[in-house]
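Coordinate inspection notes
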Amino acid sequence: MRNIYWIFLLLVLLFSKRHEGVAQVSQIFGVEVVPNTVEGSPIRSVVILLEKEGKQYLADSAELQALYDNFKLQPGGVFREMTADLAVSAFLRQPQIKSASYKVYTPEISGPVVLVISAVFLGPGEIKETLPSKKETRFPVLLETDRSKLALILNGAFGFYHDQNAFFSKGPEFTQGNPVADNAAVRGPRFWGETFLEPGIGGITQIGKSKIYPYGAASFLISARNTTDIYSEGTAIYGAFERLYAGVLIPQLGKNRNLSIDLSAGRQFFQLNDGFLFSRFSGSANAGERGSLYLNSRTAYQMTAWGKVHWKKFNFSAFFLEPQELFKDRQTNTRFLGGGVLFNDNKHLDLGLHHISIQSSKSSYATPNGRIPLEGLQTLNPKVWINNIAGKGIFIKSEFAYQWHSNAEMVSNAWYLGGGLLKKAWKFSPSFYYRYAFMKGDDPSTSRFERFDALQTGGLGNWVQGINFRKIIGDGNLITHRVEVKGYLKKNMDLSFDYFFLKADSFSNLGSLAPIANLTEKNYGHEFTTTYRYFLKGNFLFLGLFSWANPGPAIKSSFESEVYDWLSFQASFFMFY
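Not measured: the values here are computed from a predicted model.

Along the backbone of the protein chain there are seven helices and 26 strands. Over its C-alpha trace the protein chain gives a radius of gyration of 24 Å, about what one expects of a compact globule, namely 25 Å for 577 residues. Taken along its principal axes, the extent of the C-alpha atoms in the protein chain is 85 × 55 × 50 Å. A buried classification covers 56% of the 577 residues belonging to the protein chain. Within the protein chain, residue pairs in contact and separated by at least 24 positions form 65% of the contacts whose partners lie at least 6 positions apart. Each charge class in the protein chain was averaged separately, 60 positive and 49 negative side chains, and the resulting centres sit 6 Å apart.

This part takes up the packing of aromatic side chains. Taken as a whole and assessed by the stated rule, the structure comprises 39 aromatic pairs. Put simply, the rings of F158, F160, F191, Y532, Y534, F542 and F573 touch in pairs and so form one group of aromatic residues. The side chain of K52 reaches across the aromatic face of F121, ending 4.6 Å from its centre. When the ring centre of F327 is taken as origin, the NZ or CZ atom of R330, which lies over that ring, is 5.0 Å away.

Turning our eyes to something else, we now look at unusual backbone geometry. Between F139 and P140 the backbone carries a cis peptide bond, its omega angle lying at 15°. Among the secondary structure elements, P140 is positioned in the loop between β5 (113–121) and β6 (141–144). Unusually for a residue other than glycine, F167 sits at a positive phi of about 60°. Position of F167 relative to the elements: it lies in the loop between β7 (148–164) and α5 (171–174). With relative accessibility at 1%, the residue F167 sits in the buried group. Even without glycine at this site, N296 takes up a positive phi of about 50°.

The next subject is the pairing of strand β24 (residues 523–536). On a regular strand, each side chain points to the face opposite its neighbour's, so the side chains alternate between the two faces of the sheet. Taking burial as the measure, the 14 residues of β24 include ten buried ones, the bulk of the element. Note that strand β23 (residues 493–503) and β24 share eleven bridges and pair antiparallel. Paired with D498 across the two strands is T529, which belongs to β24. Of the strand pairs in this sheet, β24 and strand β25 (residues 540–551) are connected by twelve bridges, and their pairing is antiparallel.

Below, the discussion takes up the side chain of N509. Relative to the helices and strands, N509 resides in the loop between β23 and β24. Look at N509 and you get buried, because its relative accessible area is 0%. A distance of 3.2 Å separates polar atoms of two side chains, one belonging to N509 and the other to Y524. Excluding anything up to four places from it in sequence, N509 contacts R451, N477, I516, A517, L519 and Y524.

To continue, consider the sheet that holds β5. One open sheet accounts for five strands, arranged β1-β4-β5-β2-β3; its pairing is mixed. Looking at strand neighbours, the two that pair on one side only are β1 (31–33) and β3 (55–58), the edges of this open sheet. Strand-to-strand twist in this sheet, taken as the mean axis angle between neighbours without regard to direction, amounts to 35°. For strand β2 (residues 43–52) and β5, the ladder comprises eight bridges, and the chain directions are parallel. Residue pairing for β5: V46 is matched across the bridge by L115. Taken strand by strand, helix α4 (residues 81–92) contacts β4 (97–106) and β5, and its axis lies near 160° from that of β4.

Together, L353, L380, I396, F400, Y402, W415 and L417 line one region of the surface with nonpolar side chains, adding up to about 560 Å² of accessible area. Broken down by element, the residue count for the nonpolar patch peaks at three residues, all from strand β19 (residues 394–405). Among the structural elements, I396 can be located in strand β19.

Calculation rules
- Numbering of residues starts from 1 in every chain and runs along the sequence as written.
- Totals for whole chains, interfaces and linings use every residue, but because this is a predicted model, local features are given only for residues with pLDDT of at least 70 and side-chain atom pairs only at 80 or more, for both listing and counting.
- Side-chain metrics rest on all non-hydrogen atoms present in the structure, leaving aside hydrogens and water.
- Per the convention used, a helix needs a DSSP run of H or I reaching at least four residues, while a strand needs a run of E reaching at least two, with both numbered from the N terminus.
- We take the radius of gyration over the C-alpha atoms and set the globule estimate at 2.2 Å times the residue count to the 0.38 power.
- In this scheme, a residue with accessible area under 20% of its type's maximum is buried, one over 50% is exposed, and one in between is partly exposed, where area comes from a 1.4 Å probe on protein chains only.
- Contacts are assigned to residue pairs that have any heavy atoms within 4.5 Å of one another.
- His is not counted, nor are the chain ends; Lys and Arg add positive charge and Asp and Glu add negative charge.
- Charged side chains are reduced to one point each, which is NZ for Lys, CZ for Arg, CG for Asp and CD for Glu.
- When two rings of Phe, Tyr or Trp (its six-membered ring) have centres within 6.5 Å they constitute a pair, described as stacked for plane angles under 30 degrees, edge-to-face for angles over 60, and tilted for the intermediate range.
- Here, a charge over a ring is recorded when the distance from Lys NZ or Arg CZ to the ring centre is within 6 Å and its angle to the ring normal is within 35 degrees.
- For two strands to pair, DSSP has to find at least two bridges joining them.
- The term polar contact refers here to a pair of N or O atoms within 3.5 Å; inside protein, the definition further demands a hydrogen-donor-capable atom paired with an acceptor-capable atom, and it admits residues adjacent in sequence only when both atoms are side-chain atoms.
- Here an angle of 0 to 180 degrees is reported between the N-to-C directions of two axes, which are lines fitted to C-alpha atoms, with helices fitted over the stretch in contact.
- Patch membership is restricted to residues that have no salt bridge and whose relative accessible area is over 30%. Joining uses 9 Å for like charges and 5 Å for the nonpolar side chains Val, Leu, Ile, Met, Phe, Trp and Tyr.
- Areas reported here follow the Shrake-Rupley algorithm with a probe of radius 1.4 Å; residue values treat only the protein chains shown as occluding.
- Definition used for salt bridges: Asp or Glu carboxyl oxygen within 4 Å of a side-chain nitrogen of Lys or Arg.

Have a look at this one:
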């Protein structure tokens with residue numbers, strides 16, 4: 001398995017060596033991605049590049065505000081491909097604009113996006129061509145005008161996965177009571193394949209000459225597995241609706257046209273910040289009969305009602321969320337209600353404050369003194385992100401989550417503090433990042449329950465804290481040190497190395513899996529992960545991943561027999577239209 005990893009890494013480095021000469025201006029934003037892949041993600045920043053008389057430059061503050069008003073796209077908002085496409089069409093109607101386009105970049109696989117807009121002004125003596133009311137289209141677009149767009153959705157993927165000694169060779173012990181684990185992995189290899197196909201349709205239009213833009217999308221997703229994975233026996237195939245939502249966008253309101261309203265409801269994607277509490281990759285279950293354990297093809301929440309108001313540099317939001325659960329006859333009916341405010345100056349500061357409550361749930365927490373219902377849990381979540389400090393590429397990210405219960409004696413907290421350096425002037429624009437994350441465990445000597453609930457955390461490259469360890473230790477009662485080194489080999493390719501050291505905060509670990517519910521040691525172990533991402537030919541993505549998890553004393557002391565290192569090799573190929 002390790003030999004496969006070193007061969008894979010050598011091929012990546014050799015391939016990137018043959019493809020040098022990428023402009024640095026593309027590398028500093030992250031990896032260029034297909035817009036469809038980041039639907040529903042937060043917009044971290046908006047970069048506007050203007051070209052006049054053959055010279056390209058960054059827009060100043062006055063130009064930025066004017067372009068925001070026309071594009072209806074601002075930092076702190078939510079990215080929707082249809083909205084961005086229509087915004088470009090509206091902007092092209094400006095008399096001084098010759099052409100306009102946009103690209104989307106992600107510095108992290110599952111984090112907020114960077115939107116880069118390019119606009120070319122007419123030169124001296126140039127006359128603006130009359131734009132046709134109906135544009136020429138190509139697949140997947142069915143119809144596009146300067147006020148409407150209708151397009152097909154066609155996403156798909158297949159992947160091959162090899163785990164060695166999954167669950168540290170103790171699958172039956174770690175999965176006891178898990179209804180999907182009818183053949184949990186033991187010592188040795190597990191190799192299987194997964195695939196999915198998602199056809200659908202989506203559109204947006206302007207009602208007459210009003211400022212009202214209704215939009216929506218619908219898609220059906222079929223997923224399948226060819227043989228036994230690390231949990232479930234045999235083949236699987238499953239089909240169900242994925243996207244099924246409608247909304248209305250009302251931009252450019254108010255005297256200064258700096259107020260916009262966006263309302264939507266249905267099966268859609270949702271993410272708060274970078275996924276510390278709510279990730280768009282945690283909206284739906286994918287294991288068992290759904291046959292998509294590692295492809296994670298389903299990500300839409302079963303119901304998302306979402307209202308957003310953008311005013312100047314502030315974004316106000318309110319949301320209702322119900323995750324898609326695995327079994328219809330075992331629904332916990334856990335529903336979240338939240339809201340908050342974000343401030344983003346598109347330069348250095350990205351601040352936020354949100355409150356989330358669990359409005360209903362049939363589930364409960366196991367405590368030393370009985371059970372406490374999830375219903376009634378409250379979470380207050382402030383955020384401080386500071387980017388490019390002193391113009392040196394230094395950045396800081398931090399969030400805090402304070403939890404209490406309306407109907408039970410429960411108080412907890414979690415927080416993280418990360419800092420890094422992005423050297424955009426260096427070859428491959430390397431970044432270096434360290435993060436300390438704390439999620440409180442319970443102290444059984446006190447009368448109140450103190451184990452943190454990480455809600456809907458997740459997202460590869462952010463809050464999957466060790467892709468192997470995550471499957472057994474979860475996210476409560478956890479302290480992690482993370483070190484990441486990343487390089488942008490091309491504008492559409494990155495390579496990252498992550499190291500995690502994981503330990504428990506408390507010996508009392510009720511709420512975790514049975515073998516580690518009562519710990520005698522706190523050191524869970526180490527995990528090293530290499531991730532390679534390459535978008536090729538515009539609409540295709542290769543994602544390669546190797547992870548090696550080494551169990552520490554907390555795992556080893558929980559078993560009388562020997563445990564073994566857990567290695568995982570993943571190769572996934574995606575298509576997005």
